[in-house]
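Observations on the three-dimensional arrangement
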Amino acid sequence: VRTKPHLNIGTMGHVDHGKTTLTAAITKVLAERDGTNRYVAFDRIDRAPEEIERGITITIAHVEYETPTRHYAHVDMPGHADYVKNMITGAAQLDGAVLVVSAQDGAMPQTREHVVLARRIGVEHLVVALNKADLVEDEDLLDLVELEVRELLTRYGFDGEAVPVVRVSGLRALDGDPRWTQRILHLLEAVDEHVPIPPRRLDLPFLMPIENVLTITGRGTVVTGAVEQGVLSVGDAVEVVGLGPAVASVATGLETFGKPMERAEAGDNAAVLLRGVKRGEVRRGQVVCLPGSVRPHTRFRADVHVLSAAEGGRRTPFAANYRPQFHFRTSDVVGVVTLAEGVTVVRPGEAASLTVELGQPIAMSAGLGFAMREGRLTVAAGTVREVLD
Ligand code: GDP
């Protein structure tokens with residue numbers, strides 16, 4: 001039984017600015033305050049195997065906690081070899097995010113990169129944790145960093161004036177320092193107030209991008225992800241679409257955070273047990289949907305923002321026939337780029353209009369955000385303008 005509205009949030013920000021420490025501090029402060037929350041220690045965040053043993057559980061990088069008014073699933077991806085790749089998956093599902101900026105270092109290239117991606121991929125609401133505030137004694141300096149962060153947010157299309165900026169110290173709060181513990185509670189109040197409960201599109205056909213595929217001994221193949229739209233009930237027929245031929249099945253079980261449920265709806269983190277499907281037949285990057293409701297596509301027109309080096313992007317332009325990887329939701333497929341007529345190269349920092357042909361078909365529609373990447377480099381962030389075929 002759902003008693004509080006559920007939201008998906010996560011931490012973003014430059015490496016070492018304190019995302020994981022802050023995540024651990026949030027769970028600790030709340031667990032100590034009201035006992036209904038579970039403390040997840042720094043080194044236990046993102047432990048996959050024991051999570052999987054507990055049952056058909058949700059994705060590995062989530063911790064969950066409650067504030068007086070809401071239930072949150074919080075994504076943190078500590079120590080991942082490729083943070084951005086995971087962030088793209090996460091961002092597509094986030095209702096809001098905590099942008100962690102070190103008060104000592106200020107905004108860094110990855111800070112800008114994550115803000116650009118968040119904006120394009122659909123995270124509309126940010127709250128800033130100006131972290132490591134324990135290391136900066138000078139209030140004027142803190143004001144300056146705050147101003148700089150607000151300007152950056154405005155430049156990338158957020159309302160920089162309105163975004164809450166809360167000075168915190170994840171580390172000192174973890175140590176139990178009351179002053180800093182209080183600041184963590186302020187941060188959560190800011191999230192409660194500033195990140196609205198999103199409209200859940202329950203009227204549209206069910207769609208869930210697959211994030212993970214698990215095999216549960218004796219039960220079969222389970223796919224997990226965040227439900228993007230619609231409702232699915234136990235016993236409903238489904239289809240797994242994209243990256244190859246569609247696979248038909250029936251959802252014979254549904255769970256969220258290890259608890260069985262009768263139906264999964266938009267906004268839920270769900271695990272879906274698929275009847276008669278072998279593990280190798282379905283994979284991350286496909287979507288689970290109602291039979292016949294989604295046809296995957298390979299060609300589209302898009303508007304992109306090409307990241308500059310200061311945003312963590314390329315240093316050199318790219319030309320026609322460029323072949324980067326395209327990340328849509330949880331998928332990662334190669335595509336070939338065609339430039340607009342008369343355009344020979346696209347430079348870092350520029351906006352461009354492209355036509356793309358993907359190597360494999362995926363579920364998409366106009367307005368869907370994506371990232372273009374080359375190895376570990378984020379080349380561009382874009383939006384599908386028009387689906388071609
Ligand atoms: P992440 O890479 O963004 O997840 O950063 P981590 O949480 O791993 O923290 C990076 C380093 O910064 C670690 O050595 C932390 O102990 C330290 N750190 C994190 N938060 C704070 C803070 O609020 N104050 C201080 N002084 N150090 C911090």
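Higher on the page you've got the structure.
The structure reproduced in this document is the subject of the present report. Here the structure is a predicted model, which is why all the values come from computation and not from measurement. (Residues numbered from 1 in each chain as written. Predicted model: local features only at pLDDT ≥ 70, side-chain atom pairs only at ≥ 80, totals over all residues. Heavy atoms only, no water.)

With mixed pairing, the six strands of this open sheet are ordered in space as E2-E3-E1-E4-E5-E6. Edge positions in the sheet fall to strand E2 (62-66) and strand E6 (165-167), since each has one partner strand and no second. For this sheet, the mean inter-axis angle between neighbouring strands, taken without regard to orientation, is 25 degrees. The strands touched by helix H7 (residues 178-194) are strand E1 (6-12), E2, strand E3 (71-75), strand E4 (96-102), strand E5 (126-131) and E6; relative to E5, the strand with the most contacts, the crossing angle is about 165 degrees. (Pairing = 2+ DSSP bridges. Helix = DSSP H or I, 4+ residues; strand = E, 2+ residues; numbered from the N terminus. Axes fitted to C-alpha atoms, helices over the stretch in contact; angles between N-to-C directions. Contact = heavy atoms within 4.5 Å.)

Scanning the model with the defined rule gives seven aromatic pairs in all. Ring geometry for tyrosine 65 and tyrosine 72: centres 5.8 Å apart, planes at 45 degrees, overall tilted. With respect to burial, tyrosine 65 and tyrosine 72 carry one shared label: buried. Taken together, a centroid distance of 6.3 Å and an interplanar angle of 90 degrees make the contact between phenylalanine 300 and phenylalanine 326 edge-to-face. Here the residue phenylalanine 300 occupies a position in strand E17 (residues 297-306), and phenylalanine 326 occupies one in strand E19 (residues 325-328), the gap between them amounting to 26 residues. Each member of the pair, phenylalanine 300 as well as phenylalanine 326, carries the same accessibility label: buried. The structure contains a cluster of three or more aromatic residues connected by ring pairs, namely Phe300, Phe326, Phe328 and Phe370. Here lysine 28 stacks its cationic end above the ring of tyrosine 39, 5.6 Å away from the centre of that ring. (Phe/Tyr/Trp six-rings, centres within 6.5 Å; stacked < 30°, edge-to-face > 60°. Buried < 20%, exposed > 50% of the residue type's maximum accessible area, 1.4 Å probe, protein only. Lys NZ or Arg CZ within 6 Å of the ring centre and 35° of its normal.)

A full pass over the atoms with the stated rule returns 17 salt bridges. A salt bridge links aspartate 332 to lysine 85, with the nearest nitrogen and oxygen atoms 3.0 Å apart. Here aspartate 332 is found in strand E20 (residues 331-339), whereas its partner lysine 85 is found in helix H3 (residues 83-91), with 247 residues between them in sequence. Classification of aspartate 332 by relative accessible area gives partly exposed; the value is 30%. A relative accessible area of 31% means that lysine 85 is categorised as partly exposed. (Salt bridge = Lys/Arg side-chain N within 4 Å of Asp/Glu carboxyl O.)

The subject of this paragraph is the nonpolar core. Counting residues in each nonpolar core, the largest one holds 64 residues, and the members touching the most others are Met12, Leu22, Leu153 and Ile184. Dropping the residues within four chain positions of it, isoleucine 184 is found in contact with Leu22, Ala25, Ile26, Val29, Val168 and Ala173. (Core = buried A, V, L, I, M, F, W, Y, C linked by side-chain atoms within 4.5 Å.)

A word on the side chain of arginine 112. Tracing the backbone through its elements, the reader meets arginine 112 in helix H4 (residues 109-121). We note that arginine 112 is buried and unpaired, the nearest opposite charge coming from glutamate 148 at a distance of 5.7 Å. Discounting residues that sit within four places of it in the chain, arginine 112 has contacts with Ala107, Leu152, Tyr156, Ala310 and Glu311. (Lys, Arg positive; Asp, Glu negative; His and termini not counted.)

Time to look at the site of the ligand. Neighbouring the ligand are 16 residues, the closest being Asp16, Gly18, Lys19, Thr21 and Asp134. One of the backbone N or O atoms of histidine 17 is found 3.4 Å from an oxygen atom in the ligand. Coverage of the ligand by the protein chains reaches 77% of its 580 Å² of free accessible surface. Breaking the shell around the ligand down by element, the ones donating at least two residues are helix H1 (19-34) and helix H6 (170-174). Broken down by element, the residue count for the shell around the ligand peaks at three residues, all from H1. (Near = heavy atom within 4 Å. Polar contact = N/O pair within 3.5 Å; in protein donor to acceptor, adjacent residues only side chain to side chain. Areas by Shrake-Rupley, 256 points an atom, 1.4 Å probe, with all protein chains shown as cover.)

What follows deals with the sheet that holds strand E24 (residues 377-387). Strand order in the closed barrel formed by six strands is E17-E22-E20-E19-E23-E24, and the pairing between neighbours is antiparallel. Adjacent strand axes in the sheet meet at a mean angle of 45 degrees, parallel and antiparallel pairs treated alike. Sheet topology note: the E19/strand E23 (residues 369-374) ladder contains three bridges and is antiparallel. For histidine 327, the partnering residue across the bridge sits in E23 and is alanine 371. Each of E19, E20, E23 and E24 is contacted by H3, which is oriented at about 165 degrees to E23, the strand it contacts most.

Turning to the pairing of strand E22 (residues 351-362), a few remarks are in order. Residues in a regular strand point their side chains to alternate faces of the sheet. Relative to E22, E17 runs antiparallel, the two sharing eight bridges. Note on E22: the bridge partner recorded for aspartate 303 is serine 353. Bridging between E20 and E22 involves five bridges; their strand directions are antiparallel. Paired with threonine 338 across the strands is threonine 355, a residue of E22.

At a minimum axis separation of 10 Å, H1 and H7 run at an interaxial angle of 100 degrees. Taken together, the axis directions place H1 and H7 in an arrangement best described as roughly perpendicular. Where H1 abuts H7, its residues Leu22, Ala25, Ile26, Val29, Leu30 and Arg33 lie against Thr181, Ile184, Leu185, Leu187 and Leu188. Taken together, the residues of the contact of H1 with H7 sort by class into nine nonpolar, one polar and one charged. (Parallel < 35°, antiparallel > 145°, perpendicular 65-115°, else oblique. Nonpolar A, V, L, I, M, F, W, Y, C, P; charged D, E, K, R; others polar.)

Moving on, we come to the environment of leucine 202. Tracing the backbone shows leucine 202 in the loop between H7 and strand E7 (207-209). Its relative accessible area of 35% is what places leucine 202 among the partly exposed residues. For the pair leucine 202 and aspartate 82, spaced 120 residues apart in sequence, the C-alpha to C-alpha distance is 33 Å. Once residues lying within four places of it in the same chain are set aside, the contact partners of leucine 202 are Gly230, Val231, Glu265 and Ala266.

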